[in-house]
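# A structural walkthrough
Given next are the chains, with one letter for each unit.
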Amino acid sequence: MANSLLLILQLLCIFSRTATAHIPKFPAIFAFGDSLLDSGNNNFILTLFQANHPPYGQSFPNQVPTGRFSNGKLISDFLAFSLGIKDTIPPFLDPNLPVGELKTGVSFASAGAGFDDLTNVKTQGIPIFTQVENLKKYIEILKGVVGEKEALDIIKDALVIIMAGSNDIALSLNNGFLRSLELGLSGYHDFLHQRLEEIIKRLYDSGCRNMLITGLPPLGCIPAQMTAKLSFDRQCIQNLNSEAQSYNQKLSEILPRIQGTFPGSKLVYADLYQPLIDMNTNPQKYGYLEVGRGCCGTGLYEVGWLCNHLTPICSNASQFLYFDAIHPTELAYRSISDYFMTTALPRFL
């Protein structure tokens, strides 16, 4: 019996070492994009796209509404924890940002942001190109804290996450006439990919080398989109999902070409669509009772200031895929992070 127990323990140790060996090491993590990665930057700018009030943050440590569009932590927070970097990623614009946080990374993301300037005009979010300019400011501050050599080493070895495009499709293409008439669906996808490539170039020129680039989620399954498209049966809008799949297919195909133009870089595609569509089609596997509505209010349209301390809230957010009418719950974000850890992160090795 003792020998059997010893054998089991030895096998567990071998498995643990093998699993750990396939998890890359990064000294810091940086997030660029929209509300899925905004940990509170929009708290410090003039915009209606804010989540620094209850019931947002009800599952966050100490139930603090940090500005994250969820009941708790985001994908980037869970990735930072799983990678052994830190528990959560703070917003760069926080004037009270502890110096100690600088060495392990921050979020530059802004709710409402997109690759398209037209999108940013509509939302007043921080454009992603401006987010990259903020990285340059961050690097200068970091140099003052740890010295130039260590600062540049941190940037070179850090994990960069880029997650955007949903606002562009929803606001500038599907709910606007200019881009649709000017470029059409396929042309607009190409336009966004060209903008992304310029973002990658600027990050590369700033010293970044490891970039995790996500595709679009199943846009047609977002509760607010189903409401806008009058999906009374609360079923996903298939043509919107097809748009997202088309965008993602192109993106996954062009990233190897883009990587080839930046020596020493690693550009890894992360599939955001697959884990979310699986949650929609197989909710019981994740313990969800509701995937067509958000937990906040009616769940049909409430987001941002429409989801507030006066809005009725569901009794158990973990039974909902979405917390408000656009953004997933903490549990969903954790599942997506786990999916990235097994499917995308090992490709950096």
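Residues numbered from 1 in each chain as written. Predicted model: local features only at pLDDT ≥ 70, side-chain atom pairs only at ≥ 80, totals over all residues. Heavy atoms only, no water.

Where an unreviewed UniProt entry is consulted, the protein appears under the name Gdsl esteraselipase, with the organism given as Nicotiana attenuata.

## Considerations on the overall build of the protein
When helices and strands are tallied, the protein shows 13 helices and 6 strands. For 349 residues, the compact-globule estimate of 2.2 N^0.38 gives 20 Å, and the C-alpha radius of gyration of the protein, at 20 Å, lies within 12% of that figure. Summarising its shape, the C-alpha atoms of the protein cover approximately 60 × 55 × 40 Å along the three principal directions. In the protein, buried positions account for 54% of the 349 residues. Partitioning the contacts of the protein with sequence separation of at least 6, the portion at a separation of at least 24 is 71%. (Helix = DSSP H or I, 4+ residues; strand = E, 2+ residues; numbered from the N terminus. Rg over C-alpha atoms; globule rule 2.2 N^0.38 Å. Buried < 20%, exposed > 50% of the residue type's maximum accessible area, 1.4 Å probe, protein only. Contact = heavy atoms within 4.5 Å.)

## Some points on the state of the cysteines
A complete count under the given rule lists 3 disulfides for this structure. The partner cysteine of Cys221 in its disulfide is Cys236, sulfur to sulfur 2.1 Å. The sign of the S-S torsion, about 115 degrees, decides the handedness of the disulfide formed by Cys221 and Cys236: right-handed. With Cys221 in the loop between strand 3 (210–214) and helix 9 (223–228) and Cys236 in the loop between helix 9 and helix 10 (238–260), this residue pair connects regions lying 15 residues apart in the sequence. Residue Cys236 is classed as partly exposed on the basis of its relative accessible area of 22%. (Disulfide = S-S within 2.5 Å.)

## Observations regarding the nonpolar core
In this structure, Tyr138 and Leu212 are the most contacted members of the largest nonpolar core, which totals 91 residues. Residues within four places of Leu212 in sequence aside, it is in contact with Leu79, Leu159, Val160, Ile161, Ile162, Val268, Ala270, Phe340, Ala344, Leu345 and Phe348. Formed by 11 residues, the second largest nonpolar core is a distinct cluster that contains Tyr56, Ala111, Cys296 and Cys307. (Core = buried A, V, L, I, M, F, W, Y, C linked by side-chain atoms within 4.5 Å.)

## Describing the environment of Ser265
Its location among the elements puts Ser265 in the loop between helix 10 and strand 4 (266–270). For Ser265, a relative accessible area of 7% gives the class buried. Those residues in contact with Ser265, other than ones at most four positions away along the chain, are Tyr204, Arg209 and Gln259. Polar contacts involving the side chain of Ser265 include one to the main-chain carbonyl oxygen of Phe262, which spans 2.7 Å. (Polar contact = N/O pair within 3.5 Å; in protein donor to acceptor, adjacent residues only side chain to side chain.)

## A closer look at the environment of Glu253
Inspection of the secondary structure assignment puts Glu253 in helix 10. The exposure class assigned to Glu253 is exposed, which follows from its relative accessible area of 52%. Taking the C-alpha atoms as reference points, Glu253 and Tyr269, 16 residues apart in sequence, are found 9.4 Å from one another.

## As for helix 11 (residues 273–281)
For helix 11, the tally of buried residues reaches 7 of 9 residues, placing the bulk of the element in the interior. By the burial criterion, the buried members of helix 11 are Tyr273, Pro275, Leu276, Ile277, Asp278, Met279 and Asn280. Elements in contact with the buried residues of helix 11: helix 10, helix 12 (283–286), strand 5 (290–294), strand 6 (320–322) and helix 13 (330–343).

## Structural notes on the pattern of salt bridges
A full pass over the atoms with the stated rule returns 13 salt bridges. Across the salt bridge formed by Arg68 and Asp77, the nearest N and O atoms sit 2.8 Å from each other. This pair shows no difference in class: Arg68 is buried, exactly as Asp77 is. Lys149 serves as the salt-bridge partner of Asp153, at 3.0 Å between the closest nitrogen and oxygen. (Salt bridge = Lys/Arg side-chain N within 4 Å of Asp/Glu carboxyl O.)

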